[in-house]
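Examination of the molecular architecture
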Amino acid sequence: MDFPLFHLDFFGNRLLIATIAILHVLVNHALAVGFLPLVVLLEYLGFRKRRTDPGLAATWDDVVRRIMLVGFIITTTVGAMTGVGIWLSASLVNPASLGSLIRVFYGAWFTEWIIFILEVVFIMIYFLTWRKAGESETAKVRHIRFGTALVIFSWLTMAIIVGILAFMMDTGSWTADKTFISGFVNPLYLPQLLFRTPLAMMMGGAFALLLLAFFARRTPDARRPLVSFTSLWLLVWTPMGAVGAAYYYLFIPDAMVGNLPTAVGTMAFMDWHSSLLTVILVAVLLSVIIALWGFLAPRRLPGVVMALPIIVLMVFLGSFERIREFIRKPYVIGDYMYANGLRMADYPLYRRDGLLAHATYVDTPAVTADNTVAAGRNVFMLACSRCHTVRGVNSVITKFKDMSSDGRTLDPAAMKSYIPKMHNVWFYMPPFPGTAAELDALVDYIIHMDKHADESLPGAQDEGVAVAHEEVARTDENRRGEGGAP
Amino acid sequence: MNPALILLSGTPVPRDIPLPLPLPEWLLVALLVVSFLLHILFVNLMLGGSVLTLWAEIKGLADTRYDRLAQEIAQTITVNKSLAVVLGVAPLLSINVLYTVHFYSANALTGDFWVGIVPLVMAAFLLLYAHKYAWDKFAGRKKQHIALVAAAVVLLLFVPLIFLTNVNLMHFPEEWGRVSGFFSAMFLANVLPRYLHFLAASLAVTGLFLFGYMRRAGYGLGEKLPGFGRGEVLRKWYGLAFWTTVLQLLVLGPLNLLTLPWNSVTWDSAGLLLAGAGVALAAMALLWLDLRGPDEFLGRNFGWVALALTIAVLFMGSGRQAYRAVTLAPHRAEMAARTERQIQLSRAAWQDYERQMGVTALEVAVVEKLGWYARRQIVRAFQFEGAVIDLTFDLDANTVRFTYEEANLPAERIFERLEELNLRVVRPVPSGEETTAKTEPVPKAVIP
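Starting from 1, residues in each chain are numbered consecutively following that chain's sequence as written. Whichever chain is written first is A, and whichever ligand is written first is 1; the rest continue in order. At least 70 in pLDDT is required for a residue's local features to be given in this predicted model, at least 80 for side-chain atom pairs to be given and counted, and no such filter applies to totals for whole chains, interfaces and linings, which use all residues. The basis for the side-chain values is all heavy atoms of the structure; hydrogens and waters are excluded.

A few points about the overall build of chain B
In DSSP terms, a helix is any run of H or I states spanning at least four residues, a strand is any run of E spanning at least two, and both are numbered starting from the N terminus. Helices and strands together make up the secondary structure of chain B, namely 15 helices and 4 strands. Every radius of gyration here is taken over C-alpha atoms, with the globule rule written as 2.2 Å times N^0.38, N being the number of residues. Relative to the globule expectation of 22 Å for 448 residues, the C-alpha radius of gyration of chain B, 31 Å, shows a markedly less compact shape. Burial classes follow relative accessibility: with a 1.4 Å probe on protein chains only, a residue under 20% of its type's maximum area counts as buried, one over 50% as exposed, and anything between as partly exposed. Here chain B holds 448 residues, and 54% of them are scored as buried. We call two residues in contact whenever any of their non-hydrogen atoms come within 4.5 Å of each other. Looking at chain B alone, contacts between residues at least 24 apart form 75% of all its contacts between residues at least 6 apart. Using a 1.4 Å probe, accessible areas were evaluated by the Shrake-Rupley method; residue-level cover was limited to the displayed protein chains. With an accessible surface of roughly 19300 Å², chain B has 66% of that area assigned to carbon and sulfur atoms. This count recognises Lys and Arg as positive and Asp and Glu as negative, with His and chain-terminal groups excluded. Taken as the charge location is NZ of Lys, CZ of Arg, CG of Asp or CD of Glu. Put simply, chain B has 38 plus and 35 minus side-chain charges, and the middle of one group is 12 Å from the middle of the other.

Structure below.
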């Protein structure tokens, strides 16, 4: 409503954020949170061998340093930039919600930032002084202590971020209180943290296993104990991960299923929920088998198999991340703002006067007989484009076609009766915010775009925006729709 | 701009986010100015370091001493670049929260380039790492090795333009309806002068940094850079800082000031900027004295020079913020007024809707203290109840206020649900009129 709208009609706006966020979560969990403690531990174990077997200790230390180099480079490039990227992309795709979230979470993000600085400083000191620390025993001890501090800070950054994620899933008492602490400490916080910590540790172990397949290839003496220990690490954390997952699995439906607002939503949730059990079982079993193999017979564990756990665990994490789709429902901030960036409290106004009448960047403040396509395009931008494209990923044309009997035609009457009910059908869609005239215009626009395959829907970044004047005459036609519950 | 002109000129007046700022505004502004300066310091070092590495390595093709020098500079970049990124978060947060609408609008209007920052910077960093860690592997293929850092430099030179374009565009709401795409916004007045100002500052800051870094007793310049005299190297860095700053003071600074739209340059902002320039001039005088002296005394004024430049930069940063505040003030006032109007309109529409749906308010007093846990329980019990539209707490009165559709959820159900949570509620005494008893005006029962 109040921001020029960036739009990617091919790739889709949601996919843009998802790509960046998933990459970030993977790097954060697998590398920062899970991998670092293992590396520090491995360094320490190598250090303890310096008296009994100095030769092995030296190769051991070198292999560990080299896998750390990979972790270091990935976290300080992909990890750091995707972290910033979540902000940059969210400010484009959903400026109203990010703007609102920042007002609530400034404190959390600021604290996160301080810890993040320390984390970056420590990771640099830790990695860049590795070689020099090998020169004396006291230096090495100090180095390992540094590593330990680094481990703590990495975990803390996750502990804070999980609070923000949990908030977005379930606003707890925030909508009533609107205070920082009530937003932050909400009912999903602990289950999330309990689950993510061991999972991150498992992923760290799995990632180390993958790296050892490359970096320890030429040093069989070091490879054997390193693989064996890393497998043990995976073996120890897997049961805890399983418990965390089970807790989550049992806790979530109890809190959620009865409450999902529609039958379809509940069914989709139950499907997901039963598939989750399979995913948990497969991931846990596979981790255990490979870890046992690596622990008992590290020499015979082939490199290809060492790459398996990290792949399985990514699927595992991915399936859990989906829970947010169900729980968040149509909101970005529960009971306060919908995923289209419109506040719930403004719905009666938009439904009475029209969405366009209150929009800042439209060239059609009211629907008239000769502007339906242009007006419909603006309605689409405001009400649908945050999640749908016209022709690309999650295309609205395709969605409507799929609903028709032959899967190829658009039926305006059916579309007009579907849209006002869409929030009951697909529970993650917000209710349609406009008037009856705007609904007609939207349908006209979608049909027009289907007929004119050469027309595209550019975003503000391509074509700029048109500026509407405030309080432009609102025609009676626009007042046709009645007020309704949001 | 004159407020009366805002509406006439096709300037959009969007509504602001209707939530309060998380901290007092002056504190957020202070955080923005200071954290931004810290961030830009390391950005300067990252960019300046990369450019100088490229320069030295190219020179090193003919004179191998310079290849060593390039490698020494390269060591500093990867550290500075990590700090540059992490220190960027706080100013980003602060500008997001202080100027939400202005900043995000500029972001959206240049959106593809704005997210492009992520892959571009990531690529630059990976190139810099490859360049640093594969120095020996590329020993026989110097040109390819130089290409790695050259590519990183090109990327790092481009990215600041994206930021500057955004920060510039956010100051001119009257342009939002006119720009189309990144480049049209980039060519608005003042972006390119600011860019040159930034480039020169990067070289100056890096010169000063390398001077301090290599001058340290612990650095061991003699062993690390064989073939170079100590004074020879240090004078290069000092000279670089000196000449780029002189260029800044004589040409780029004035150019920058002159291309600002004059109607928003007040004595405050101009005064701060000029004071900054004055202090920088003094710093240059000290530096010049140092440079003229013999090698043994080289750097005796270094501490003062660094201090004076820090002060100069603080002045400049504050002047810039003062300018921003003035430029945006009328537009922000318009926005605040519109936001307020919108809230009123929105409330009125709710009331219409409430009349239609029989929405009523109910204030329930509770015996138990409404601590955090109890409040959480209550919200959880009602958050998926469609008939409850709003739920707020009054902690002083220890009451819960429900706004709900009486037709779909009788008040008695609300009381029962609260009791299921083991809370003792104080039921209003039924009065004659059955329905209005529970609606406004709400009876405030006294806790026994």
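Remarks on the packing of helix H2 (residues 25-60) of chain B against helix H3 (residues 64-98) of chain B
All names here are of chain B. Think of each axis as a best-fit line through the C-alpha atoms, taken over the contacting stretch in the case of a helix, with angles from 0 to 180 degrees between the N-to-C directions. Two numbers describe how H2 lies on H3: the axes approach to 6 Å, and their chain directions differ by 160°. As the angle between them shows, H2 and H3 are arranged roughly antiparallel. As H2 packs across H3, the resulting crossing turns out to be left-handed. Here the term charged refers only to Asp, Glu, Lys and Arg, the term nonpolar to Ala, Val, Leu, Ile, Met, Phe, Trp, Tyr, Cys and Pro, and the term polar to all other amino acids, Gly among them. Each residue belonging to the contact of H2 with H3 can be placed in one class, and the counts come to 27 nonpolar, 10 polar and 5 charged. Here the angle decides the label: under 35 degrees means roughly parallel, over 145 means roughly antiparallel, 65 to 115 means roughly perpendicular, and every other value means oblique. Helix crossings get a hand from a simple test, with the near helix turned counterclockwise from the far one by less than a right angle marking a left-handed crossing and a clockwise turn marking a right-handed one.

Topic: empty space enclosed by the protein
Buriedness for pockets is judged along seven lines, at least five of which must meet protein on both sides within 12 Å for an open set on the 1 Å grid over protein atoms alone, while cavities are sets there where a 1.4 Å probe fits but cannot get out, and lining residues have an atom within 4 Å of a point. Grid points are joined across faces, edges and corners, and a volume is the space filled by probe spheres set on the points. By the definition in use, this model includes 6 cavities of 30 Å³ or more. Quantified by volume, the largest cavity comes out at close to 320 Å³. Elements supplying a minimum of two residues to the lining of the largest cavity: helix H3 (95-128) of chain A together with helix H13 (302-357) of chain B. Split by residue class, the lining of the largest cavity holds 12 nonpolar, 6 polar and 6 charged.

Examining the side chain of A:Lys401
Residue and element names in this part refer to chain A. Here Lys401 shows up in helix H15 (residues 396-403). Two N or O atoms count as a polar contact when they lie within 3.5 Å, although within protein this holds only if one can serve as hydrogen donor and the other as acceptor, and sequence-adjacent residues are included solely when both atoms are side-chain atoms. Only 2.8 Å separates the side chain of Lys401 from the side chain of Asp450, close enough to count as a polar contact. Those residues in contact with Lys401, other than ones at most four positions away along the chain, are Gly407, Arg408, Thr409, Leu410 and Asp450.

Re the interface of chain A and chain B
Of the residues lining the interface, 82 residues belong to chain A; the matching set on chain B comes to 81 residues. Overall, the association of chain A and chain B removes approximately 7100 Å² of surface from exposure, summing both partners, and the carbon and sulfur fraction of that is 68%. What gets called buried area is simply the loss in accessible area from a 1.4 Å probe that two parts show on being joined, summed for both. Three residues, A:Met81, A:Arg103 and A:Tyr106, lead the burial of chain A against chain B; their summed loss comes to 12% of the area buried on that side. Salt bridges are defined by distance alone: a side-chain nitrogen of Lys or Arg within 4 Å of a carboxyl oxygen of Asp or Glu. With a closest N to O distance of 2.9 Å, B:Asp352 and A:Arg352 form a salt bridge.

What about the domain arrangement of chain B?
Size of an interface, as often reported, equals the accessible area lost when the parts are brought together. Looking at chain B, the domain boundaries give domain 1 (15-340) and domain 2 (358-441). For the purposes of this description, domain bounds are those given by an automatic or database domain assignment. Domain 1 of chain B and domain 2 of chain B are separated by 56 Å when their C-alpha centres are compared.

So, the environment of A:Ala283
All names here are of chain A. Assignment of secondary structure puts Ala283 in helix H10 (residues 263-296). For Ala283, a relative accessible area of 2% puts it in the buried group. C-alpha of Ala283 to C-alpha of Met314: the two residues are 31 residues apart in sequence and 9.5 Å apart in space. The contacts of Ala283, once residues within four sequence positions are left out, are Val312 and Phe316.

Digging into the state of the cysteines
Residue and element names in this part refer to chain A. Note on disulfides: each one is a pair of cysteine sulfur atoms within 2.5 Å. Counting across every chain of the model gives 0 disulfides over all chains. In this model Cys384 remains outside any disulfide bridge; the closest cysteine sulfur is found in Cys387, 8.6 Å from its own. Here Cys384 falls in the buried class, since its relative accessible area comes to 11%. Under the relative-accessibility criterion, Cys387 is labelled partly exposed at 24%.

Topic: a nonpolar patch on the surface
Residues and elements named next belong to chain A. Nonpolar side chains (Val, Leu, Ile, Met, Phe, Trp, Tyr) within 5 Å and like charges within 9 Å form the patches, drawn only from residues with over 30% relative accessible area and no salt bridge. On the surface, a cluster of nonpolar side chains totalling about 500 Å² of accessible area is made up of Leu232, Val236, Met240, Leu292, Phe295 and Leu296. Breaking the nonpolar patch down by element, the ones donating at least two residues are helix H9 (220-256) and H10. On the secondary structure map, Leu296 appears in helix H10.

Details of the packing of aromatic side chains
Note on aromatic pairs: the rings of Phe, Tyr and Trp (six-membered ring only in Trp) are paired at centre separations within 6.5 Å, and the planes decide the class, stacked below 30 degrees, edge-to-face beyond 60, tilted for the rest. If you walk through the whole model with that rule in mind, you get 31 aromatic pairs over all chains. Seen from their ring centres, B:Phe113 and B:Phe182 are 4.3 Å apart, and the 20° between their planes marks the pair as stacked. Taken together, the residues B:Phe113 in helix H5 (residues 111-133) and B:Phe182 in helix H8 (residues 182-186) connect sequence positions 69 residues apart. Measuring from ring centre to ring centre gives 5.5 Å for B:Phe209 and B:Tyr213, while their planes differ by 20°; the resulting arrangement is stacked. Pair noted here: B:Phe209 and B:Tyr213 are both in helix H9 (residues 191-215), with a separation of 4 residues, about one helical turn. For B:Phe209, a relative accessible area of 26% puts it in the partly exposed group. You can call B:Tyr213 partly exposed: its relative accessible area is 22%. Site record: aromatic cluster; members linked through ring pairs are A:Phe72, A:Phe127, B:Tyr129 and B:Tyr133. Look at NZ for Lys and CZ for Arg. If either is within 6 Å of the ring centre and within 35 degrees of the ring normal, a charge sits over the ring. Cation over ring: A:Lys49 sits above A:Trp60, and NZ or CZ is 4.9 Å from the ring centre.

Looking at unusual backbone geometry
Residue and element names in this part refer to chain B. Although it is not a glycine, Asn398 adopts a positive phi angle of roughly 55°. By the secondary structure assignment, Asn398 is in the loop between strand E2 (388-394) and strand E3 (399-405). Phi at Asn422 is positive, roughly 65°, even though this residue is not glycine. Within the secondary structure, Asn422 is located in the loop between helix H15 (411-420) and strand E4 (425-426). Classification of Asn422 by relative accessible area gives exposed; the value is 65%.

Some points on the pairing of strand E1 (residues 359-366) of chain B
All names here are of chain B. The element E1 is extensively covered by neighbouring structure, given that 8 of its 8 residues are classed as buried. Think of it this way: DSSP has to see at least two bridges between two strands before they count as a pair. Across 2 bridges, E1 lies against E4 in antiparallel orientation. Looking at E4, one finds that Ala365 is bridged to Val426.

Observations concerning the pattern of salt bridges
Under the criterion given, the structure shown has 28 salt bridges over all chains. A salt bridge links A:Lys140 to A:Glu43; the shortest N-O distance between them is 2.9 Å. Of the two residues, A:Lys140 is situated in helix H5 (residues 137-169) and A:Glu43 in helix H1 (residues 13-48); the sequence distance between them amounts to 97 residues. Across the pair, A:Glu43 and A:Lys140 agree in class, each one buried. Among the ionic pairs, B:Glu419 bridges to B:Arg427, the shortest N-O distance being 2.4 Å. A relative accessible area of 32% places B:Glu419 in the partly exposed class.

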